[in-house]
Amino acid sequence: YMVVGSWYLGIFIGAIFSSWICSAGNRLERHSSMIQISLTLCCAYGSFVFAEGVIGISGVLSTVAAGLVLADTIWPKIVSKEAMHEVWHTIEYLGNTVIFFLA
């Protein structure tokens, strides 16, 4: 129940955020890339918190499923692919640094 429910919840949340991110993809507005990056961050943390804290199922699996849906659907609609890569690589670096210092 926990594994299947986590995957379905992640797919559902990822689909909602995917449609929201694609609708925010106006290349003529300069704030569109910031909105899209913020929505990817909200999808990642929102899917984890909702699954783990509210429902009580695996937040990690839900976040992975939401991330897979986003990775599959939003790339053609991303306004600034470079900015998206830089933000997520910075978050990855900071996470690895924190884990290294805690270990």
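Above: the structure in question.
Residues numbered from 1 in each chain as written. Predicted model: local features only at pLDDT ≥ 70, side-chain atom pairs only at ≥ 80, totals over all residues. Heavy atoms only, no water.

Student: I'd like a description of the packing of helix α2 (residues 32-55) against helix α4 (residues 81-102), backed by residues and values.
Tutor: For the pair α2 and α4, the least separation of the axes is 10 Å and the interaxial angle reads 40 degrees. The orientation of α2 relative to α4 falls into the category oblique. Between α2 and α4 lies a crossing whose hand is right-handed. Note on element contacts: α4 touches α2 through Ala83, Met84, Val87, Trp88 and Ile91, opposite Gln36, Ile37, Thr40, Leu41 and Ala44. For the contact of α2 with α4, the per-class residue count stands at 8 nonpolar, 2 polar and no charged. (Axes fitted to C-alpha atoms, helices over the stretch in contact; angles between N-to-C directions. Helix = DSSP H or I, 4+ residues; strand = E, 2+ residues; numbered from the N terminus. Parallel < 35°, antiparallel > 145°, perpendicular 65-115°, else oblique. Left-handed = near helix turned anticlockwise from the far one by under 90°. Contact = heavy atoms within 4.5 Å. Nonpolar A, V, L, I, M, F, W, Y, C, P; charged D, E, K, R; others polar.)

Student: Account for helix α1 (residues 2-23), with residues named and values stated.
Tutor: The periodicity of an α-helix, 3.6 residues per turn, causes residues three or four places apart in sequence to face the same way. Between the first and last C-alpha of α1 there are 32 Å, a value that for 22 residues agrees with the 32 Å anticipated at 1.5 Å per step. Here α1 has its buried residues at Ser6, Leu9, Gly10, Ile13, Gly14, Phe17, Ser18 and Ile21. In this fold, the buried residues of α1 make contact with α2 and α3 (59-73). (Expected span 1.5 Å × (residues − 1). Buried < 20%, exposed > 50% of the residue type's maximum accessible area, 1.4 Å probe, protein only.)

Student: Describe the side chain of Thr40, and please don't skip the residues or the numbers.
Tutor: Mapped onto the fold, Thr40 is located in helix α2. Owing to a relative accessible area of 7%, Thr40 belongs among the buried residues under this scheme. A polar atom in the side chain of Thr40 sits 3.3 Å from the side chain of Trp88. Residues in contact with Thr40, not counting those within four places in the same chain, are Ile21, Leu70, Ile74, Met84 and Trp88. (Polar contact = N/O pair within 3.5 Å; in protein donor to acceptor, adjacent residues only side chain to side chain.)

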